[in-house]
Each structure stands twice: as C-alpha cells, then as structure tokens.
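Structure at a glance
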Amino acid sequence: TTQYEREGGFDQANSDFDQMELKDIKIKNTTRGILRVGKMSDGKIVIVRPFSSEGRPTLEIRNPGNGRGIEIRYD
C-alpha cells in the first residue's frame, strides 16, 4: 500500500470521497467511527474513515483482486 498525506482533516477526506464517481455507497458503523464505502467503475473499493492505525482520517482506494492500493492520510 502506498501512503500519501493531504491537508484538511476529515472534512476534506469526505469532500474528496464525494467528488469521486462512486456507486453502491454504503455507510457502516464501527466502534471507531462511521465509515463510507463505495465502488469505482473499474471495481476498486473506496473507503473514507475518520481513523487510521495512527489516528488520522483516511481515504483509501483498494484493488479488490489483491487488496493493494493507496491510502491518503489527512492532517
């Protein structure tokens, strides 16, 4: 997984998620917060969440075939 950093916190992460052309968007409640999951036209899975292993909000894009992808951490 390749990681990037971006300014704007969880508000910016949600805005970036909303600007993507996603389908089948679902909202999931977890013990760490609410996350949203959507699917890109090429099948990649996009997840926006207010947490990560290090605590920062994250937008991740995963390839369903191998689970690899990118994570953008928001400050």
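Let me begin by describing the structure that accompanies this report. Note that the structure is predicted; figures quoted are calculated from it, not measured.

**Quick word on the overall build of the protein chain**
Counting its secondary structure elements, the protein chain contains one helix and six strands. In the protein chain, the succession of α and β elements from N to C terminus is β-α-β-β-β-β-β. In terms of overall dimensions, the protein chain has C-alpha extents of about 30 × 25 × 25 Å along its principal axes. Scored against the burial criterion, the 75 residues of the protein chain give a buried share of 39%. In the protein chain, 30% of the contacts between residues at least 6 apart in sequence involve partners at least 24 apart.

**Overview of the nonpolar core**
In this structure, A13, F17, L22, V46, V48, L59, I61, I72 and Y74 together form the largest nonpolar core, which totals nine residues. Going through the elements one at a time, α1 (9-19), β4 (45-49), β5 (58-62) and β6 (69-74) are the ones with two or more residues in this core. Aside from chain neighbours lying at most four places away, what touches L59 is A13, D16, F17, M20, V46, I47, V48, I70, E71, I72 and Y74.

**Brief notes about the pairing of β6**
Both strand β1 (residues 2-6) and β6 contribute to a ladder of five bridges, which runs parallel. Bridging across to β6, Q3 finds its partner in E71. By the bridge criterion, five bridges tie β5 to β6 in an arrangement that is antiparallel. Along β6, the bridge assignment pairs T58 with R73.

Rules behind the numbers
Residues numbered from 1 in each chain as written. Predicted model: local features only at pLDDT ≥ 70, side-chain atom pairs only at ≥ 80, totals over all residues. Heavy atoms only, no water. Helix = DSSP H or I, 4+ residues; strand = E, 2+ residues; numbered from the N terminus. Buried < 20%, exposed > 50% of the residue type's maximum accessible area, 1.4 Å probe, protein only. Contact = heavy atoms within 4.5 Å. Core = buried A, V, L, I, M, F, W, Y, C linked by side-chain atoms within 4.5 Å. Pairing = 2+ DSSP bridges.

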